[in-house]
Amino acid sequence: MMRRVQFAVIRRKQQESKMIQFTVNNAPKETSHELNLISVLKELDIETQGCAVAVDDEIIPRAKWSDFTVKSNMSINIFQAIAGG
């Protein structure tokens, strides 16, 4: 019985370690699979038109969003242009 419990704890820790944890506009997020910046925006239901993305305080050009893989501990900031008068 003890051995099963130990294996369950080990498996749980392995699964937790595979989680990718990052922040979006200072809100903590996590996922169990790799995401690119386009996927992050889609999951958050954010329109890409008029949008800029910075990762770890560096603006990522729109042309690189689909190739940019989000990794653990990254800080993503999303900025959207707002028209007004």
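Summarised in this report is the structure supplied together with it. (Residues numbered from 1 in each chain as written. Predicted model: local features only at pLDDT ≥ 70, side-chain atom pairs only at ≥ 80, totals over all residues. Heavy atoms only, no water.)

### Topic: the nonpolar core
Phe22, Leu37, Val53, Val55, Trp65 and Ile76 are the most contacted members of the largest nonpolar core, which has 16 residues in total. For this core, the elements supplying multiple residues, two or more each, are β1 (20–24), α2 (37–43), β3 (51–55) and β5 (75–80). Sequence-distant contacts of Val55, that is, excluding residues within four places in its chain, are made with Leu37, Ile60, Phe68, Met74, Ser75 and Ile76. (Core = buried A, V, L, I, M, F, W, Y, C linked by side-chain atoms within 4.5 Å. Buried < 20%, exposed > 50% of the residue type's maximum accessible area, 1.4 Å probe, protein only. Helix = DSSP H or I, 4+ residues; strand = E, 2+ residues; numbered from the N terminus. Contact = heavy atoms within 4.5 Å.)

### Points about the pairing of β1
Along any regular strand the residues' side chains alternate between the sheet's two faces. Burial of the side chains of β1 is restricted to one face: Ile20, Phe22 and Val24 are buried, whereas none of Gln21 and Thr23 on the reverse face is. Alignment of β1 against strand β2 (residues 27–31), held across 5 bridges, turns out to be antiparallel. Bridge pairing links Ile20 to Thr31 in β2. Strand direction decides the pairing type here: β1 and β5, joined by 2 bridges, are parallel. The partner of Val24 across the bridge, within β5, is Ile76. (Pairing = 2+ DSSP bridges.)

### A closer look at the sheet that holds strand β4 (residues 58–60)
Two pairing modes exist for strands in a sheet, parallel and antiparallel, and in both the strands are linked by backbone hydrogen bonds. Ordered in space as β2-β1-β5-β3-β4, the 5 strands form an open sheet in which the pairing is mixed. The two strands at the open ends of the sheet, each matched to only one other strand, are β2 and β4. On average, each strand axis in the sheet is inclined to that of its neighbour by 35°, with strand direction left out of account. (Axes fitted to C-alpha atoms, helices over the stretch in contact; angles between N-to-C directions.)

### So, the pairing of β3
Counting buried positions over the 5 residues of β3 gives 4, a clear majority of the element. Note that β3 and β5 share 5 bridges and pair antiparallel. Directly across from Ala54, in β5, lies its bridge partner Asn77. Summarising the sheet, β3 and β4 pair through 3 bridges and their orientation is antiparallel. Its bridge partner lying in β4, Ala54 is registered against Ile59. In sequence, β3 turns back onto β4 through a hairpin of 2 residues, with Asp56 there showing a positive phi of about 50°.

### Quick word on the environment of Glu47
Within the element layout of this structure, Glu47 appears in the loop between α2 and β3. Residues Glu47 and Gln80, 33 residues apart in the sequence, show an inter-C-alpha distance of 8.8 Å.

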